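Topology and contacts: notes
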Amino acid sequence: MKTIKYILMVLVIAITVTSCEKPDNINPKAATSVPVGTLFSNAEVSLVNQINSMSVNYNTTRLLVQYWQETTYFSEARYDFSSRNIPDNYSTALYRNVIMDLKEAKTILNASEFTGGLATQRDNQVAIADILQVYAYQVAVDAFGDMPYTEALQGIADPSPAYDDAASIYTDLLARLTADIATLDASQGSYGSADFIYGGDVAKWKKFAASLKLRAGMRLADVNPTAAQAAVESAYSAGVFANEDESGILYYSGVSPHVNTIYSGFFVDGRKDYIPTNTLIDYMKSLDDPRLPLYFNTVDGDYVGAEAGADAAATYTNYSHFADRFFQPDFEAILIDYVETEFLLAEAAQRGWNVGGAAEDYFNNAVTQSILYWEGTQADADTYLAAHPYDAANWKESLGMQKWLALYNRSVEAWAEWRRLDYPVLNVPTGMVYGDIPSRMPYPFNEVKNNESNYNAASAAIGGDDMRTNLFWDIYDPI
Amino acid sequence: MRKFILMLALFAFVGLQGVFAQTSVTGTVTSSDDGGTLPGVSVVVEGTSLGTTTDMDGKFSLSVPADATALVFSFVGMETQTVAFTGQTVVNVVMNASALDLDEFVVTALGISREKKSLGYAVQTLGEEALGEVRASNPVASLSGKASGVKITQPNTMGGSANIVIRGNASITQNNQALFVIDGVPISNVNTSSNKDGWGGYDYGNAASDINPDDIASVSVLKGAAATALYGSRAANGVIEITTKRGTKKDGIGVTINSGVTFNSADHSSMPKWQDKYGEGYGAFYDDPTGYFFYEDMNGDGTPDLVAPTSEDASWGAAFDPNLMVIQWDALDPNKPNYAQATPWVYPENDYHYFFQTGVRYTNNITFEGGDEKGTFRLSYTNNDETGILPNSSIEKHVINFSGSRNLSDKLTVDANITYTNQNATGRYGTGYDGGNVMQSFGQWIGVQVDFQKLEELYLREDGSQLSWNASYVDDLHPIYFDNPYWVRYKNYNDDHRNRIFGYSALNYKLNDWISAKAKVSIDSYTEVQNERIAVGSVDQSKFSSYTRQSQELNYDFMLNFNKNFDNISVTGLVGTNVRRNTVESVYGSTVGGLVVPDLWAISNSVSPVYVSEALRKWGTNSIFANVSFGYNDFVFVDLTDRYDVSSTLPEGDNGFNYYSASTSVLLSELDLFKDMPVLSFLKLRANYAEVGNDAPVYSLYSTYAKGTNWGSNALFSVSSTMLNPNLKPERTKSFEVGLEANFFDNRVRADVAYYNNRSIDQLMPVTVSPLSGYSSIWMNSGEIENKGVELSLTANVMKTDNFNWDINVNWYKNSNEVVRLYQAESGEEVKNIMIMSAWDVSINAVVGEPYGVIRGIDYVYHDNGEPMVNANGYYMMGDDPAANIGSIQPDWNAGLSSRMSYKGFSLNILLDGQKGGDIYSVNTKYGQATGVYEETAGNNVLGNPTRDNIVSLTDGEYSQHFSGGIPLSDAAPNSGGIILPGVKEDGTPNDILVSAGRWGRAFYYRNSPTARYVFDASYIKFRELSFGYTLNKNLVAKTPFNNITFSVIGRNLAILFKNTDHFDPEMSLGSGNAQGIETGAYPTTRSIGFNLKLGI
């Protein structure tokens, strides 16, 4: 029958079509597994980018320690964190882009079943990832105070993590560094070329870890001298940086987007938003600091800085600009270096701790190394130190002022040490008092919306989510 | 297994062939209008529910019982005719158009024509005139105000996307757009624009704008889940079902030419209002003695000259003064004769309004149609050529549509409809907070003294670099923040192209007089290419990017339709199967680190290694569905549907879901009780309940890594910021609706009222979480949202005489929604808020217990008397809560009012539409006030002095411009400047404190203002459409070669009759999507006035 023929024909079509292969459900253009080195690379670059960033959306610490002032839009230099959600971007960059990727790398590594040399290499890799995690956590805690730590980075298992006590986090970070130093075994390699700082050199990572432990330990010097001394002395004996070549420095590839932040801001984005402050320029001028021409150019034959935190716009052309070196796309960024460890050892010696040398010697070497780093001469350094010798009676001032000068372009650490050492004495922006200069960053604003009860508990625990609240290690108030 | 059951079902129906045939009546139905045949006409034996509909050729064949007395012919838009039956075997009928159609048949899901009275759900039908008359370039936008419950938000950009949401947002984060279906073919309405978050990009329009208004015969709006259940999950947001025109049977070939020209211009009432008293600068911060100007010796005469502070993108500068001579931006090019020549410091002859031009759109359509005993065809070609209101903007569109049908035998018909569109656009408008959007500058950041004619003349320098009003400094002409807007339009333009084919081919087979089978394959396939440019010498790093996207959807349908009457009971229904396969493949490539060779627009022209990203997405569903309707005695109708989908996007084993609906319609007017009421001519009660499911977007289950840009030869990978979830399950929507249709006075007044309640649970969405959890968002089944609302439509035939007819139609609807719950965190804590979008200090949120789209930010602090309070310095106090509720994007109600009048050959149609309530946050106003560009920043204060003048105290004398405090009015000298902000002091008395308002950072500064200061009421009434037409009477036409001549004048968006926003159109949208409620860099409303000539041969 004709009818039946048609029906059958149609049914055949229908069945053919219905049995079409059903698409599977995994994105064919995205990786479901990657080499751990690629995660480590991303975390390393992200960490350096965040520490070094000068974007008003990500990192305004250069403004907080009055290295720089803004030209036309000056609200961030007047401590407006909210308009651009700076704390959200600051914390997300550290947690999401650094610590999370390192956690993922560790998870993959820990799941491997290597033996012998491969197992040693794996252990090195895990330890190095851990060291960078410690670095990032310390930066986060130094900015905010209590932060999610034990409950952080759990994804769907805990989308609203509770905050941990900052002092306890510090204790754990120091313990992790101790363990990592013990683990690292230079007989085997680590990440190789995926490590853009040391090329996978395990011996250097060991020094990096010890230097970081020195920094973290010293942060506790006022609040917990016993723990601080123990950490500093053990870091020293483990072996901190012995010369500038061992420093933790990333040289940008210079190929977009892996370029230095100042190049990116001034050339790629074509903006002229920043000029040096008179806080810095006037102080360097008063010291006749040999680094002044290495940091800045003159305007009409003089070095001119702008009023920090001014309630008025400033014309870019009327002020000194950054020296040419800062505008190079491959200009480096420093995570931690020899100059800094020498300053830390100077302070340790001054406090009477056993670090194998005298405070003044360490101090002199720190200042000299800083001048040399910026391509000044030994003679410059000698003259400078002769004019401005170490003052053991006012050691906090000596260390604080010189460290501030040396940490130029490393404002995250400079802001922490300014809070701890209470030097230099910064200028008070118009209409404010000294205490208004931020002692911490407000918590990420979206935590109120995304993690409300934990945010409330953390705010109460630290004494209020206010930029004037001191961190736990910052027990002295300046002035 | 399911396939097997389906086969059994099919055979079961085949086996049911019965022999009920009696006298066989055949005939043809034609239209008195043009003599063409009418397909889809309902033919019913009077007093029974026996009936059929005419086929593509207007033919029918019906078995009529011997005792039948009459046949009733009815069709949408035609007067119903009753023909006495006396045993004749051929009944040919000519139908007349009805003045007030009764919509007796409407197109429902899957393109099935149904008797409206039998439907238990709301369907609103719009005729050809709804879209075809005004022929808007985006037909989606022109649905506005024409159907209740359908909220359209218009794009103000050329070719931009219209947001279309029916009965409220049912999904918290996913798609809420209605599904577009053309002749039963679902077509993609994806908005692939890059602009959805308000941070720049272009609005490339929604794909449904490819529909050609000239080809549309009618539009059915299917609103509730019961109406759309047969389409399955993808129709959860309602369906716009479009039926295209078909050829008709006639002698020879009918040709229609429809030609129009439309002029588009900016509606100036929807644009930012500038002050005209002060020029560029941020205040007295610069170098000359007044502090308002740069001070450099430009002409070499040894004394410094006044130079405009060109690097400053604000207007807190020196007061205009025709005697003040200043070297301005246009005199900074050393290659020009006017270099270093000073000109008067005045408001320009040509301000930014000069920038907007009159765009012209030509729309030409030619249609051929015809048909004979065996089949019909229609071929239409439309050319649409449009220029926008911005320089260098145009869209060119070609649409070819062919439809045809042919009877291969008495029982077998083939049928096809195919549309090809080709669209090429150049210079779409940049959007959002981005330099590519010229409105960012015009609405927010500029020196108002800039003359736009000079910008146009001087934008390109001899060496190919640009001259902008915003030069970095007198000797550094590279623009610092803003490109010259002409440079933006002519150098940094984009272009895009879309080629698309959609349509179907179908086979209909009439098994017997009550069962027919249909097999159909439909396709929607398109390729689009989007190229974006930033020229060398722009503020931003130069760049070229190209995005190519191919989208394809295939649907295979097989259906059995049946239609059977038993005494008083009629049964119609269908069973069917659908297989859908979607593929989207795209490649995006861009230069990195800038372009090597200027103006060479190729990705390979990249300084650094190029960036490429690809996507390939494939997904699909397999479905079976069935629908059965019972009618009892033309009094009660019951309709049941069921559909089962298996989706590829959900976890294996948990990827099937069922949905169903039940609806009923009761014709109360058939009851004796109502039959005695002469006023009431028709009364119907309808009710329905439906539960539908929805699947996840493709690739929401298994996490992958995000790729960064290589460092040399090293790859960088990162954990994706969105955590996927392999445990997702289908989301569900439960929907209930009741409605009443009542006609009065011989059907001259018709009312339709509906109430609905939709509850969507287990919503699939990426939930925004604390990034400290390692992810920015996590996919979850979460959340419940309830939409309930009332829809009312009222049509009245106000007057009807032989020559004159006047109809008025009102549509009114109100949707209230509430986010019932979001999700429970592992800790047991209920999450109360999900952020949908944020910009600076404001966010759009889903908050538990609140309507969808709560605007959150810092509020004023209010006194008990309800007024905002100022502090002791006279500035607004700011609430402690950084996320206070300060508004909602949900309107109280929307309404449309239309009037259609005709007198002899003349017709006059008017449409107004409006919205009451709803709020919008204005980024423009925030910055436009802060930069001193807006009108209100340059008025006089209560003392009659300019607000920008320095504050003068009786006790302390004159303060400098930089004084940041305030003084009480009682202490103000008669010549004091400053402004008193509206509000009260902490004691509740009216604010009387003068604060400085003479520079950036003072009374008009956003940091001194709560977010709530920039939230505005989005109510409006718009004069949306007007058309005035004249059809030559037949006697006159007879003297021409034509058989029909119609001339019309048409207008769209003619005026905003009411609004509460000073500087922008409150209907402004960033484009289609959920990110509504934030205005940033809004374009003016485009007003169109056009002329149209339609010729029939």
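These remarks concern the structure in this document.

Parameters at a glance
- Residues numbered from 1 in each chain as written.
- Chains lettered and ligands numbered in written order.
- Predicted model: local features only at pLDDT ≥ 70, side-chain atom pairs only at ≥ 80, totals over all residues.
- Heavy atoms only, no water.
- Helix = DSSP H or I, 4+ residues; strand = E, 2+ residues; numbered from the N terminus.
- Buried < 20%, exposed > 50% of the residue type's maximum accessible area, 1.4 Å probe, protein only.
- Contact = heavy atoms within 4.5 Å.
- Areas by Shrake-Rupley, 256 points an atom, 1.4 Å probe, with all protein chains shown as cover.
- Lys, Arg positive; Asp, Glu negative; His and termini not counted.
- Charge placed at Lys NZ, Arg CZ, Asp CG, Glu CD.
- Buried area = accessible area lost by both parts, 1.4 Å probe.
- Salt bridge = Lys/Arg side-chain N within 4 Å of Asp/Glu carboxyl O.
- Polar contact = N/O pair within 3.5 Å; in protein donor to acceptor, adjacent residues only side chain to side chain.
- Nonpolar A, V, L, I, M, F, W, Y, C, P; charged D, E, K, R; others polar.
- Phe/Tyr/Trp six-rings, centres within 6.5 Å; stacked < 30°, edge-to-face > 60°.
- Lys NZ or Arg CZ within 6 Å of the ring centre and 35° of its normal.
- Axes fitted to C-alpha atoms, helices over the stretch in contact; angles between N-to-C directions.
- Left-handed = near helix turned anticlockwise from the far one by under 90°.
- Parallel < 35°, antiparallel > 145°, perpendicular 65-115°, else oblique.
- Pairing = 2+ DSSP bridges.
- Core = buried A, V, L, I, M, F, W, Y, C linked by side-chain atoms within 4.5 Å.
- 1 Å grid on protein atoms, 1.4 Å probe; cavity = no way out; pocket = protein on both sides within 12 Å on 5 of 7 lines; lining within 4 Å.
- Points joined across faces, edges and corners; volume = space filled by probe spheres on them.

The next point concerns the overall build of chain A. Within chain A, the secondary structure is distributed over 18 helices and four strands. By principal-axis analysis of the C-alpha atoms, chain A measures approximately 115 × 55 × 45 Å. Among the 479 residues that make up chain A, the fraction classed as buried is 64%. Expressed as a percentage of contacts within chain A between residues at least 6 apart in sequence, the contacts between residues at least 24 apart total 75%. Accessible surface, chain A as shown: approximately 16,200 Å² in total, 51% of it carbon and sulfur. For chain A, the centre of its 32 positive side-chain charges and the centre of its 61 negative side-chain charges are spaced 8 Å apart.

Attention shifts here to the interface of chain A and chain B. Between chain A and chain B, the residue contacts involve 92 residues of the former and 97 residues of the latter. For the pair chain A and chain B, the two sides together bury roughly 8,000 Å², of which 62% comes from carbon and sulfur. Among the residues of chain A in contact with chain B, N25(A), R96(A) and K449(A) are the three that bury the most area, contributing 9% of the side total. Across the contact surface, chain A and chain B share five salt bridges. A salt bridge links R1002(B) to D311(A), with the nearest nitrogen and oxygen atoms 2.8 Å apart. Inspection of the chain A/chain B interface yields 30 residue pairs in polar contact (both at pLDDT 80 or more). For the side of chain A that touches chain B, the elements supplying multiple residues, two or more each, are helix 1 (2-18), helix 2 (36-52), helix 4 (86-110) and helix 17 (447-450) of chain A. When residues of the side of chain A that touches chain B are assigned to their parent elements, the largest contribution, 11 residues, is made by helix 1 of chain A. In terms of residue class, the side of chain A that touches chain B is made up of 43 nonpolar, 33 polar and 16 charged.

It is worth spelling out the packing of aromatic side chains at this point. As enumerated under the stated definition, the model contains 85 aromatic pairs over all chains in all. The interplanar angle of 80° and the centroid separation of 6.2 Å between the aromatic rings of Y198(A) and F208(A) together place this pair among those described as edge-to-face. Residue Y198(A) is located in the loop between helix 6 (166-183) and helix 7 (202-219), and its partner F208(A) is located in helix 7; the two are separated by 10 residues in the primary sequence. As far as burial versus exposure is concerned, Y198(A) and F208(A) are alike and both buried. On the numbers, 5.2 Å between centres and 75° between planes, the contact of F442(B) with F452(B) is edge-to-face. One end of the pair, F442(B), is in helix 4 (residues 438-443); the other, F452(B), is in helix 5 (residues 452-458), with 10 residues separating them in the sequence. The pair F442(B) / F452(B) is uniform in exposure class, with both members buried. The ring of Y443(A) carries the charged tip of R440(A) above its face, separated from the ring centre by 4.6 Å. Positioned over the ring face of Y504(B) is K520(B), at 4.5 Å from the centre of the ring.

Any two packed helices are characterised by how steeply their axes cross, that is the angle between the axes, and by the distance between the axes. Residue and element names in this part refer to chain A. The contact between helix 7 and helix 16 (residues 411-421) brings their axes to 11 Å, and the two run at 30°. Relative to helix 16, the crossing made by helix 7 is left-handed. Across from R215, M218 and R219 in helix 7, the residues of helix 16 making contact are E413, A416, E417 and R420. In terms of residue class, the contact of helix 7 with helix 16 is built from two nonpolar, no polar and five charged.

Turning our attention to the packing of helix 7 of chain A against helix 8 (residues 225-238) of chain A. All names here are of chain A. Viewed as axis vectors pointing N to C, helix 7 and helix 8 meet at an angle of 165°, and their least axial separation amounts to 8 Å. Put simply, helix 7 runs roughly antiparallel to helix 8. The element helix 7 and its partner helix 8 pack so that their crossing is left-handed. Each of A210, K213, L214, G217 and M218 in helix 7 lies in contact with helix 8, whose residues at this interface are A228, A231, V232, S234, A235 and A238. Grouping the amino acids of the contact of helix 7 with helix 8 by side-chain chemistry returns eight nonpolar, two polar and one charged.

All names here are of chain B. Under the defined criterion, the tally for this structure stands at 71 salt bridges over all chains. D639 is paired through a salt bridge with R114; the nearest N and O atoms lie 2.6 Å apart. Linking D639 in strand 33 (residues 636-647) with R114 in strand 9 (residues 112-115), this pair joins segments that are 525 residues apart in sequence. Each member of the pair, D639 as well as R114, is classed as buried.

Quick look at the pairing of strand 43 (residues 784-800) of chain B now. Residue and element names in this part refer to chain B. Here strand 40 (residues 749-761) pairs with strand 43 via 12 bridges, running antiparallel. Within the sheet, the bridge partner assigned to A751 lies in strand 43 and is L794. Where strand 43 and strand 44 (residues 804-821) come together, 16 bridges link them in antiparallel fashion. What sits directly across from E786, in strand 44, is E818. Where strand 43 hands over to strand 44, the hairpin turn is made up of three residues, counted between the paired strands.

The nonpolar side chains of soluble globular proteins are, as a tendency, buried together. Judged by nonpolar contacts, the single largest core of 179 residues is most densely connected at Y95(A), F208(A), F296(A) and F322(A). Broken down by element, this core gets its largest block of residues, 15 residues, from helix 5 (residues 116-144) of chain A. Beyond its immediate stretch of four places on either side in the chain, Y95(A) contacts M100(A), Y137(A), A140(A), M147(A), P148(A), A152(A), L153(A), P771(B) and L772(B). Ranked by size, the runner-up nonpolar core spans 93 residues in total, among them M298(B), W445(B), Y459(B) and V842(B).

Moving on: the sheet that holds strand 10 (residues 123-127) of chain B. In a beta sheet, neighbouring strands are held together by backbone hydrogen bonds and run either parallel or antiparallel to one another. Residues and elements named next belong to chain B. If you walk across this open sheet you meet the five strands as 10-15-16-13-14, and the pairing is mixed. Each edge of the sheet is formed by a strand with only one pairing partner; in this case those strands are strand 10 and strand 14 (185-187). The average undirected angle you get between the axes of adjacent strands in this sheet is 25°. Where strand 13 (residues 179-182) lies against strand 14, three bridges are found, and the strand directions are antiparallel. Bridge pairing links I182 to V185 in strand 14.

If you trace the backbone, L407(A) turns up in the loop between helix 15 (395-406) and helix 16. As a C-alpha pair, L407(A) and S370(A) span 37 residues in sequence and 8.8 Å in three-dimensional space.

Quick look at empty space enclosed by the protein now. Residues and elements named next belong to chain B. By volume, the largest cavity amounts to about 530 Å³. Looking at the largest cavity, it is lined by 39 residues, and the ones nearest its centre are S137, N138, T157, G159 and E386. Those elements that place two or more of their residues in the lining of the largest cavity are strand 17 (250-266), strand 23 (375-387), strand 24 (394-407), strand 60 (1044-1059) and strand 62 (1086-1096). Counted by class, the lining of the largest cavity contains 11 nonpolar, 20 polar and eight charged residues. Along the wall of the second largest cavity there are 29 residues; nearest its centre are K151, T153, I889, P891 and Q915. Elements supplying a minimum of two residues to the lining of the second largest cavity: strand 11 (150-153), strand 12 (163-166), strand 44, strand 51 (893-903) and strand 53 (919-922). Taken together, the residues of the lining of the second largest cavity break down into 10 nonpolar, 14 polar and five charged.

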